[in-house]
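# Inside the fold
If you want the building blocks of each chain, they are given just below.
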Amino acid sequence: MIKIALADDEALFREAVSGLLQKYPHYEVIYSVNDGKELISEIEKQKIIPDIFILDLRMKYLDGIETTKILSQKYTDCKIIILTSYYSPSFVNFMVNLGINAFLSKSLDPKELIFAIDLVHEKGLYLTEDYAKAIRSKVKSYKKPNFSTVESLTKREVEVLEYICHGYTNQEISEKIFRSVRTIEGHRKHIMEKTGTKNTAGIVVYALVHKIIDIDKKFLEFNLA
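The paragraphs below set out a description of the structure included in this document. Within any chain, residue numbers begin from 1 and follow the written order of that chain's sequence. Local features in this predicted model are restricted to residues whose pLDDT is 70 or higher, and side-chain atom pairs enter the listing and the counts only when it is 80 or higher, whereas totals over whole chains, interfaces and linings include all residues. Water and hydrogen atoms were dropped before computing side-chain values, which therefore reflect all heavy atoms in the structure.

## Overview of empty space enclosed by the protein
Note the threshold: Points on a 1 Å grid over protein atoms alone make up a cavity when a 1.4 Å probe fits among them but cannot get out, and a pocket when they form an open set with protein on both sides within 12 Å along at least five of seven lines; lining residues each have an atom within 4 Å of a point. Grid points are joined across faces, edges and corners, and a volume is the space filled by probe spheres set on the points. Numbering of helices and strands runs from the N terminus; a helix is a DSSP stretch of H or I covering at least four residues, while a strand is a stretch of E covering at least two.
Scanning the model with the defined rule gives one cavity of 30 Å³ or more in all. Surrounding the largest cavity, Leu 6, Ala 7, Asp 8, Phe 13, Arg 14, Val 17, Ile 54, Leu 55, Asp 56 and Leu 83 form its lining. Contributing elements (two or more residues each) for the lining of the largest cavity: strand 1 (2-7), helix 1 (11-21) and strand 3 (52-55). Looking at the lining of the largest cavity element by element, the count peaks at three residues for helix 1.

Here's what the structure looks like:
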């Protein structure tokens, strides 16, 4: 069961999305709220953290941008999908930098939304063409560092990073490299510290920007999933 939170101040649209998701037995909409402030308040009261957050960008009291920042700080493994009518390259680029897991237009086909949710839950990222363009623009504009952070990652950390980028869980990685889950959790923590990332999506973006994994192969892999 995938636990989902919806935050959108367009009540009619939010209820339509909620109704769509409830048709699928592996989804459970546990929060359906008007904005980020109400969402965070509900989580603090009920103590249930969703697997996936679906947020609008423009909301009255706490918008999708600020909500994303707060959620990423409070729940480092949270997965965030932006579903908005404010779909433009500038917003895509900005939100990719915040470590979101998918950026979608409200005009998308409902089947694509379901596909995106499942892929984000399974692999941590829904890599659309616009998301890929945002990453490519980061690659082009990335300034040469004094010493690349990549060089400070150990061989084992790079190996774990590659498994993370291919959607493996800590348990699955531990089975692949014959190390305990706690050891893998430690590697993941060190990777995030060294790369300055906050979640799985951030790690994947970092790996793409620094060409640890190939963006065109990754784009193909996600779209053939």
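## Comments concerning the packing of helix 8 (residues 155-165) against helix 11 (residues 200-209)
In plain terms, the rule: Axis definition: a line fitted to C-alpha atoms, limited for helices to the stretch in contact. Angles are taken between N-to-C directions and run from 0 to 180 degrees. An angle counts as roughly parallel when it lies under 35 degrees, as roughly antiparallel when it exceeds 145, as roughly perpendicular when it falls between 65 and 115, and as oblique in every other case. Should the near helix be turned anticlockwise from the far one by less than a right angle, the crossing is termed left-handed; should it be turned clockwise, right-handed. Here, residues are in contact when the closest pair of their heavy atoms is within 4.5 Å. Classification used: nonpolar for Ala, Val, Leu, Ile, Met, Phe, Trp, Tyr, Cys and Pro, charged for Asp, Glu, Lys and Arg, polar for all others including Gly.
It is the contact of helix 8 with helix 11, at a shortest axis distance of 9 Å, that shows an interaxial angle of 110°. Comparing their axes, helix 11 and helix 8 come out roughly perpendicular. The two elements helix 8 and helix 11 cross, and the hand of that crossing is left-handed. Touching Leu 161, Ile 164 and Cys 165 of helix 8 are Thr 200, Ile 203, Val 204 and Ala 207, all from helix 11. Across the contact of helix 8 with helix 11, the residue classes tally to six nonpolar, one polar and no charged.

## Details of the pattern of salt bridges
Applicable threshold: Whenever a carboxyl oxygen of Asp or Glu lies within 4 Å of a side-chain nitrogen of Lys or Arg, that contact is scored as a salt bridge. Between buried and exposed lies partly exposed: a residue is buried under 20% and exposed over 50% of the maximum accessible area for its type, with that area taken using a 1.4 Å probe on protein chains only.
Tallying each qualifying case throughout the model produces 11 salt bridges. In this structure, Asp 51 and Lys 3 form a salt bridge, with 3.7 Å as the shortest nitrogen-oxygen distance. Of this pair, Asp 51 sits in the loop between helix 2 (36-46) and strand 3 while Lys 3 is found in strand 1, placing the two residues 48 residues apart along the sequence. The salt bridge partner of Lys 194 is Glu 157, with a shortest N-O separation of 2.9 Å. Separated by 37 residues along the polypeptide, Lys 194 in helix 10 (residues 181-195) and Glu 157 in helix 8 bring together distant segments of the chain. Take Lys 194: its relative accessible area is 31%, and that puts it in the partly exposed class. Its relative accessible area of 4% is what places Glu 157 among the buried residues. Connected through shared salt-bridge partners, Asp 8, Glu 10, Asp 56 and Lys 106 make up one network.

## Quick word on the nonpolar core
Where we set the bar: Buried Ala, Val, Leu, Ile, Met, Phe, Trp, Tyr and Cys residues form a nonpolar core when they are joined through side-chain atoms within 4.5 Å.
The biggest cluster of nonpolar side chains holds 49 residues, and the ones touching the most others in it are Leu 39, Phe 53 and Leu 71. Looking at which element gives the most residues to this core, the answer is helix 11, with eight residues. With residues near it in sequence (within four places) discarded, Phe 53 still touches Ala 5, Leu 39, Ile 43, Leu 71, Cys 78, Lys 79, Ile 80 and Ile 81. In terms of nonpolar packing, the next biggest core, distinct from the first, is built from 21 residues, Ile 2, Leu 21, Leu 104 and Leu 108 among them.

## Re the pairing of strand 5 (residues 102-105)
Threshold: Strands were regarded as paired on the criterion that DSSP finds at least two bridges between them. Handedness rule for crossovers: strands pointing away from the viewer, path from the first strand over the helix to the second running clockwise, crossover right-handed.
Side chains Ala 102 and Leu 104 of strand 5 all project onto a buried face; the interleaved residues Phe 103 and Ser 105 project onto the opposite face, where all are buried too. Two strands pair when backbone bridges link them, and strand 4 (residues 79-84) and strand 5 are joined in this way by four bridges, in the parallel orientation. Across the sheet, the residue bridging to Ile 81 is Ala 102, located in strand 5. For the handedness criterion, the β-α-β arrangement of strand 4, helix 4 (residues 89-97) and strand 5 is classed as right-handed.

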